[in-house]
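Coordinates in review
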Amino acid sequence: MNLFDCERFVDNWPLPISDIAQALNLGPKHYDLYGKYKAKVLLSVLDELEGAEDGYYVVVGGITPTPLGEGKSTTTVGLCQALGAFLDKKVLLAFANRHKDPLLELKAVLLAADTVKSFPWMSDIHAITAANNLLAAAIDTRIFHEASQSDKALFNRLCPPNKEGKRTFADIMHRRLKKLGIAKTNPDELTPEEIKRFARLDIDQNLLLGDESWIKLPLGKARRKGMVRETGFDISVASEIMAVLALTTSLADMRERLGRMVIGNSKAGEPITTDDLGLGGALTVLMKDAINPTLMQTLEGTPVLVHAGPFANIAHGNSSIVADKIALKLVGKSGFVVTEAGFGADIGTEKFMNIKCRYSGLVPQCAVIVATIRALKMHGGGPEVAAGKPLDHAYLAENVTLVEAGCVNLARHIANTKAYGVNVVVAINKFASDTEAEMSVVRTTALAAGAFDAVVCTHHAHGGKGAVDLGIAVQRACESVTQLLRFLYPLEFSIKEKIEAIAKSYGASGAEKQIEMYSRQGFSGLPICMAKTQYSFSHIPSQKGAPTGFVLPIRDVRASIGAGFIYPLVGTMSTMPGLPTRPCFFDIDIDIATGKVLGLS
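Residues numbered from 1 in each chain as written. Predicted model: local features only at pLDDT ≥ 70, side-chain atom pairs only at ≥ 80, totals over all residues. Heavy atoms only, no water.

1. Some details on the overall build of the chain
Counting secondary structure elements, the chain contains 21 helices and 19 strands. Considering the chain as a whole, with its 601 residues, one finds that 57% of them fall into the buried category. When contacts within the chain are restricted to residue pairs at least 6 apart in sequence, long-range pairs at least 24 apart make up 72% of them. By element, 54% of the accessible surface of the chain is carried by carbon and sulfur atoms, the whole surface being about 24,600 Å². (Helix = DSSP H or I, 4+ residues; strand = E, 2+ residues; numbered from the N terminus. Buried < 20%, exposed > 50% of the residue type's maximum accessible area, 1.4 Å probe, protein only. Contact = heavy atoms within 4.5 Å. Areas by Shrake-Rupley, 256 points an atom, 1.4 Å probe, with all protein chains shown as cover.)

Now the structure itself:
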């Protein structure tokens, strides 16, 4: 979608978002403006375009990265800019929120290159955080009131009489009554036993989901009249509410998913949902605007739908289903929608295929795997790569032997990804110190491992122009795909069998963990979302290359029932990552004269 002469476009950037929307045939009735450069695209667009053909669907993953990252995000943007601004294709980039990465971490992923970036966007994480805070408050409130009131007093407060002395159930309470098998609609008709079952959730504080975290603290010593409960924090992007946003298909679907989230168990071992707490509707209200994807633009005029942003190592690591569905309709037949899967293909692409595509019903034609000479040298036995430290000389000088040895990591990613039935294109993200001999080894190895093509990209330096060859390869791969999407495991497998199927794709000989409780509660038919380190196929970050024969230790197994997956915690994986000693917020400020944000590029 070549809106402008790229040589002159930067001088006019950013354009009013209404211009970007118009190029997608979106009128004012299709979006809500948030200032001049951002708009929320309404889900009603899907209804209007229901009969339109979908475009090609492309996912970008990567090899196992170094802590510095291998430019997967910039490759995704560069590819879209090449397809749109240089190859004149209708294209939309479906991207996950980068939340506060640029402020908190050592690298600002997407904002690293002046020629490959998007306008800093509006995040929906505030809504997700508010919803999580409301849920946490509701849980503690219910525990407190149940501990301090009789069954009758609790019921009287849950169903108070109106001015005429008549009691009624709130609409959401009928969901709990149905779950309990109580067919009565008049609160005054409930027996004492039914009142107890209805009013008392009897939450087992030892089995509250999400209470195992990096930060622990006691709650309520003074305010709760001596009642103390230990709890903790998880990062918002690892929360189930974030996963619900990313995996929902409509407002109605989001309401159901939010309502069936399991927050813990009763002391009798029964799962307790947010609807049991009376909270599903209120959570949906907090999220009602967040469900609409945000329309933005890249520096070369390529439209971007930014939506959701679950972490890939501790959640499923992909942007939203609704954004992808809208995008595929907007680009139409022969157009392209490109989305990114978080971290290496063993994590992000695997979850894209087995979780996201399973729920969306969408079928990708091509998967891109981003590789760098630097990361391949590390996997070949090179010195440690650490954020904030200078690179060893081995990464700056030609060393074909190291690259060749490290290609075992790339080869496994290609084999794993190709098994899903998509054509695999390897994007070699070229750095200034890379040599022709090193890149030739990567290309030869990639083709031998079954890649459809392997091309060198210079988008980091040259924007979309540097990814034209990649764009051509991706187009050819999409047009020539012959297979249908194949999942790694059927949902009929037990939880243990599904975990082992994923573990074996890592190269493990097996996995360990007891999963009896979720099977007994009827959740064994859900897909699996492994929470593991992004720095190795195994659970040990220092194990580079393509390790084999290890036993994958499963520390715990949790469930996101509303989102729709089981997530095992592998090894020492934390759901509340810490900050470095020098976070990037040291460099962030604002120009008080112009209002321009400083330090993000």
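2. A few points about the sheet that holds strand β1 (residues 31–33)
What links the strands of a sheet is backbone hydrogen bonding, and the strands pair in either a parallel or an antiparallel sense. Spatially, the ten strands line up as an open sheet ordered β1-β2-β9-β10-β4-β11-β3-β12-β13-β14, and their pairing is mixed. Each edge of the open sheet carries a strand with a single partner, namely β1 and β14 (453–457). Averaged over all pairs of adjacent strands, the angle between strand axes in this sheet comes to 30 degrees, irrespective of strand direction. In the sheet, strand β4 (residues 91–95) pairs with strand β11 (residues 336–340) via four bridges, with the strands oriented parallel. Residue pairing across strands places Ala94 opposite Thr339, the latter belonging to β11. (Pairing = 2+ DSSP bridges. Axes fitted to C-alpha atoms, helices over the stretch in contact; angles between N-to-C directions.)

3. Section: the pattern of salt bridges
Two side chains with opposite charge may pair up if their charged atoms get near one another. One pass over the full model with this rule turns up 24 salt bridges. Lys29 serves as the salt-bridge partner of Glu48, at 3.6 Å between the closest nitrogen and oxygen. Of this pair, Glu48 sits in helix α3 (residues 44–48) while Lys29 sits in the loop between α2 (17–23) and β1, and the two are 19 residues apart along the sequence. By relative accessible area, Lys29 is classed as exposed at 60%. (Salt bridge = Lys/Arg side-chain N within 4 Å of Asp/Glu carboxyl O.)

4. Notes on the confidence of the model for the chain
Here the chain averages 87 in pLDDT, and 87% of its residues register 70 or above. Every residue in residues 211–217 scores below 50 in pLDDT, and together they form 31 contacts with partners more than four places removed in sequence or on other chains. (pLDDT = per-residue confidence, 0-100.)

5. A short note on the environment of Ala394
Within the fold, Ala394 resides in the loop between α15 (373–379) and α16 (400–418). Between the alpha carbons of Ala394 and Pro383 there is a distance of 7.5 Å; along the sequence they are eleven residues apart.

6. A closer look at the pairing of strand β7 (residues 262–265)
In this sheet, strand β8 (residues 271–273) lies alongside β7 in antiparallel orientation, the contact comprising three bridges. Bridge pairing links Gly264 to Ile272 in β8.

7. Thoughts on the packing of helix α10 (residues 240–247) against helix α11 (residues 251–259)
In the contact formed by α10 and α11, the axes pass within 10 Å of each other and the chain directions differ by 155 degrees. Between α10 and α11, the angle falls in the class roughly antiparallel. When the axes of α10 and α11 are compared, the crossing they make is right-handed. In this structure, α10 uses Ile241, Val244, Leu245 and Leu247 to contact α11, whose residues at the interface are Asp253, Met254, Arg257 and Leu258. (Parallel < 35°, antiparallel > 145°, perpendicular 65-115°, else oblique. Left-handed = near helix turned anticlockwise from the far one by under 90°.)

8. A closer look at the nonpolar core
Of all hydrophobic cores here, the largest spans 76 residues; its most connected members are Leu26, Leu258, Met287, Leu295, Leu305, Ile326 and Phe565. Apart from the residues within four sequence positions on either side, Leu258 is in contact with Ile241, Val244, Thr274, Gly280, Leu283, Thr284 and Met287. Membership of the second largest hydrophobic core comes to 29 residues, among which are Cys80, Val455, Ala467 and Val474. (Core = buried A, V, L, I, M, F, W, Y, C linked by side-chain atoms within 4.5 Å.)

9. Some remarks on the side chain of Arg167
With respect to the helices and strands, the residue Arg167 is situated in the loop between α7 (151–158) and α8 (173–180). In this structure Arg167 comes out as buried when scored by relative accessible area, which is 16%. A polar contact of 2.6 Å, which involves the side chain of Arg167, links it to the backbone oxygen of Cys159. Looking at Arg167, its side chain comes within polar contact range of the side chain of Asp188, at 3.2 Å. When sequence neighbours within four positions are dropped, the list of residues in contact with Arg167 reads Asn156, Cys159, Pro160, Pro161, Asn186, Pro187 and Asp188. (Polar contact = N/O pair within 3.5 Å; in protein donor to acceptor, adjacent residues only side chain to side chain.)

10. Quick look at the pairing of strand β13 (residues 423–429)
Among the seven residues that make up β13, seven are buried, leaving the element largely enclosed by the rest of the structure. Bridge count between strand β12 (residues 366–371) and β13: six bridges; the pairing is parallel. Opposite Ile369, over in β13, you have Val426 as the bridge partner. Since β13 and β14 lie parallel, the crossover through helix α17 (residues 436–448) that links them has a hand, and here it is right-handed. (Right-handed = clockwise from strand over helix to strand, strands pointing away.)

11. Concerning unusual backbone geometry
One non-glycine residue, Asn25, lies in the positive phi region at around 65 degrees. As for its position among the elements, Asn25 is in the loop between α2 and β1. Although it is not a glycine, Asp202 sits at a positive phi angle of roughly 55 degrees. By secondary structure assignment, the location of Asp202 is in the loop between α9 (192–199) and β5 (215–219).

12. Examining the sheet that holds strand β17 (residues 565–570)
Spatial ordering of the open sheet is given by β15-β16-β17, a layout of three strands whose pairing is mixed. Only two strands of the sheet have a single neighbouring strand rather than two, namely β15 (510–512) and β17. The average undirected angle you get between the axes of adjacent strands in this sheet is 50 degrees. Sheet topology note: the β15/strand β16 (residues 551–560) ladder contains three bridges and is parallel. Looking at β16, one finds that Gly510 is bridged to Val551. The sheet strands contacting helix α20 (residues 495–506) are β15, β16 and β17, and the helix crosses β15 at an angle near 130 degrees.

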